[in-house]
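As a plain string of letters, each chain reads:
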Amino acid sequence: MVSNVCAGQDSTEFSLSLEQFQASQGSLTVKVEVQEGEPSVVLPCQYRQRLQEIVTVKWSRLDLNPNTVHQRREGDDLREQNQLFKGRTSMRPDALHSGDFSLTLREPQVSDSGFYTCTLRQETEEILVSDVQLNVREKFPTWAKVLLVLLVLLVSGGLLFHFRHYFMSVYRVEVDSGREKVLLPFKTTVRLPEGVTVKWRHSNGRVVHINDTDLNRLHQHSQYEDRTEMKEKLKSGDFSLILKNPSRGDTGTYSCTVYGGGDILTNKQVLLDVKAGADSFIIAIDFGSGYSGYAFNVKPRGETQIKRWSNGLGLDTPKTPTCILLDEHNRFLKFGYEAKTAFINMRREEAEKHYFYENFKQAVIDTDDWRREIPAANGKRMLILEVFTEVLRFLKDDAVKTIRDHPAGGEFTASDFTWVLTVPDVLKDFPKHLMTEAATQAGLVTEETKDRLMLVSESEAALTWCLKLPSDGSVTQNHSRDSQDQSPGAADADRSCNDPAGSQEVEPEETSVLLETRRDGKRYLVVDCGDRSHFTVHEVLEGGALKKLHEASSICWGGNDVDRNFKQFVWKIFSDGVWRNYERKYPNEVQKMMDDFTRLKQVDEDVEISCPGNLVMLGQKKKKIKTFFDSVEGASWDDGVIRISRQKLRSFFDESLQEITERLRAILDQDPSIGDIVLVGGLAESQILRQHITDQFGRRYQVLCPPGPQEAILKGAVELGRNPKLVASQKKGPAWFKCFS
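Attention in this report is confined to the structure presented alongside it. (Residues numbered from 1 in each chain as written. Predicted model: local features only at pLDDT ≥ 70, side-chain atom pairs only at ≥ 80, totals over all residues. Heavy atoms only, no water.)

**Thoughts on the packing of aromatic side chains**
By convention here, two paired aromatic rings are described through the distance between centres and the angle between planes.
And then number 1: Tallied over the full model, the rule gives 26 aromatic pairs.
And then number 2: Between Phe-566 and Phe-652 the ring centres are 6.0 Å apart and the planes differ by 75°, which places this aromatic pair in the edge-to-face class. Of this pair, Phe-566 sits in helix α14 (residues 559-573) while Phe-652 sits in the loop between α18 (646-651) and α19 (654-670), and the two are 86 residues apart along the sequence.
And then number 3: By relative accessible area, which is 2% here, Phe-566 ends up buried.
And then number 4: An angle of 40° between the planes, with centres 5.7 Å apart, marks the rings of Tyr-582 and Tyr-586 as tilted.
And then number 5: Given a relative accessible area of 0%, Tyr-582 falls into the buried group.
And then number 6: Tyr-586 sits in the partly exposed class, given a relative accessible area of 23%. (Phe/Tyr/Trp six-rings, centres within 6.5 Å; stacked < 30°, edge-to-face > 60°. Helix = DSSP H or I, 4+ residues; strand = E, 2+ residues; numbered from the N terminus. Buried < 20%, exposed > 50% of the residue type's maximum accessible area, 1.4 Å probe, protein only.)

Here is the structure:
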């Protein structure tokens with residue numbers, strides 16, 4: 001990482017350099033706390049690589065002028081050291097040999113609180129090694145203790161509240177997104193000279209407000225333009241800042257520094273936490289076993305948008321294959337359709353150098369070790385954390401770019417959003433920590449903003465979206481978009497199960513209203529029919545929150561098995577090694593046939609699928625094409641097209657339907673209070689599946705399927721990002737919904 005931060009810059013330039021420096025660095029900020037009056041505190045900095053030449057190690061605080069805290073080359077060089085640290089800093093004598101560049105700061109004071117950077121300088125290049133946030137807690141004054149006792153005795157909490165700004169070194173402010181304004185308090189009893197300069201900045205380096213109008217116009221970041229205000233109370237020691245229209249993107253630590261004559265007179269930090277609301281900016285990522293995608297919302301109470309993916313062959317789908325291609329140096333190349341196509345088209349010697357991963361979600365879910373490695377398609381191995389981080393990094397970058405290009409978009413960055421990751425209902429603590437760490441390394445959030453990362457269970461997300469539908473139980477009819485979950489490119493189909501005829505898709509109203517409309521106490525069995533099938537029972541509590549009643553269970557039967565049965569059937573048709581040879585020589589065409597089948601398995605009728613010319617060519621070398629169909633039932637040849645009967649198409653579903661039905665019946669027998677069965681996931685696009693479940697259970701239970709069932713989890717995840725209370729209000733029980741902080 002390279003920065004153009006230079007020692008000796010003037011105070012009007014430090015904010016821009018700090019922004020550039022922090023925007024480029026990818027390391028995590030280390031937080032260190034110490035009580036004022038302690039003998040010393042250590043700011044950690046470890047460099048693991050071998051130094052090939054003599055370098056300069058520099059500790060800096062970029063909000064000071066000069067910004068040098070301590071400098072070491074062959075020996076200490078303190079000529080440019082800020083006088084605030086004179087005689088109070090030291091490093092290990094063998095620092096350059098051991099790689100331990102930690103700084104010892106003696107007699108820490110409240111004014112030492114701030115952000116410290118440790119860098120290596122080689123000629124004109126400066127490499128960030130460590131970024132440390134030091135917080136020196138102020139001792140509680142004796143007079144304040146006496147006053148506090150008196151206040152407690154007199155039950156005068158109001159006066160204590162009034163003076164709280166004088167007592168706290170770091171003040172925490174919480175506000176709901178959508179409020180008109182919020183006050184960031186900073187009051188001091190210290191008598192200060194007139195003509196001071198007051199500078200507020202965010203921990204990301206952006207200048208928030210300067211009390212000098214000209215400087216503010218020059219340096220204030222555009223994010224805060226026309227949104228900040230300071231009252232004319234400087235003489236009284238009140239440097240509080242008013243921030244208008246706070247949003248989730250404003251969350252973070254704000255530092256207020258008061259300068260006089262080029263010196264820092266006093267400073268304060270305020271931690272602002274803007275809670276998610278209906279007007280929050282949300283990006284939800286559904287990391288699936290076979291397919292993944294994301295949805296977003298950038299308009300207050302606006303419609304959720306889902307990214308559409310293309311495979312270059314006419315498909316337009318809401319998800320793309322969960323596969324990633326990296327080069328021989330573990331650097332990202334492609335994701336999704338593009339990754340699969342590029343890897344399939346590689347020559348063998350080229351493919352052996354790369355890393356291609358697909359179908360690795362289960363490895364993430366099952367992992368219990370940071371050091372676990374998973375094999376790529378060619379047997380080469382990478383840390384699972386690294387692979388998952390690269391997946392999230394791509395989806396993050398692609399989402400931000402998509403939103404910027406969207407008509408409702410703008411100059412957004414990842415820090416402007418609340419990020420929602422969907423996860424299986426049964427997930428152990430370690431995979432949650434791994435996902436959070438991967439999201440942090442990928443840049444979705446930082447160590448400071450981890451509370452803006454939400455992990456939500458897939459069934460809760462799906463049910464949340466389904467409960468936005470009309471409360472009469474109707475689901476959908478007459479879709480206008482293709483859809484896909486376990487596979488892409490599904491054609492539109494009638495989505496009704498046992499809903500009233502003629503029901504139309506209706507844009508749902510606010511979730512909080514519909515959940516309170518004749519739904520309290522109802523129990524829903526959510527069936528997520530994807531590559532595998534997952535079952536979860538939820539109850540809608542008073543007020544609309546969801547409570548999971550039964551631990552989720554899953555079976556290995558689902559969309560993958562339907563696809564496998566179709567593939568085996570084609571193999572049986574083109575016997576004598578024809579299909580095996582075709583798979584080896586033309587893998588792209590095989591994938592195209594599977595994509596075509598994805599559309600066909602949506603319907604419940606006779607279907608036709610084109611037979612590629614290369615398959616015909618290979619078959620004709622053995623015998624006439626029509627004769628391949630003589631020994632199979634349910635298929636026939638018709639001038640370049642394979643005809644498959646309705647009965648044969650249904651047979652591809654037999655095993656999956658049997659297993660799903662048995663598991664449903666066992667769960668329903670255990671809980672007679674269940675009223676509705678909700679079908680979501682890619683396989684729920686199939687009329688065969690929906691009709692079978694309705695035939696088996698429709699007389700006793702309402703069988704529901706939302707429009708675009710493969711999109712339900714993504715859309716519901718956005719809703720939960722906008723309204724976390726839909727599950728966060730639950731205090732007990734097995735259902736979970738966590739915001740990591």
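**Let's talk about the nonpolar core**
And then number 1: In terms of nonpolar packing, the biggest core is built from 55 residues, with Leu-525, Phe-574, Phe-629, Phe-652 and Leu-664 touching the most fellow members.
And then number 2: Setting aside residues no more than four positions away along its own chain, Phe-652 makes contact with Asp-561, Val-562, Asn-565, Phe-566, Phe-569, Phe-597 and Ile-644.
And then number 3: The next biggest cluster of nonpolar side chains, apart from the first, holds 48 residues, and it includes Tyr-294, Phe-360, Ile-403 and Val-423. (Core = buried A, V, L, I, M, F, W, Y, C linked by side-chain atoms within 4.5 Å. Contact = heavy atoms within 4.5 Å.)

**Side note on helix α11 (residues 429-442)**
And then number 1: Between its terminal C-alpha atoms α11 stretches 20 Å, which fits the 20 Å expected from 14 residues at 1.5 Å a residue.
And then number 2: In terms of burial, α11 is largely enclosed, as eleven of its 14 residues are buried.
And then number 3: Among all positions in α11, only Phe-430, Pro-431, Lys-432, Leu-434, Met-435, Thr-436, Glu-437, Ala-438, Ala-439, Thr-440 and Ala-442 are buried.
And then number 4: Remark: Gly-443 follows α11 within two positions and exhibits a positive phi of approximately 90°. (Expected span 1.5 Å × (residues − 1).)

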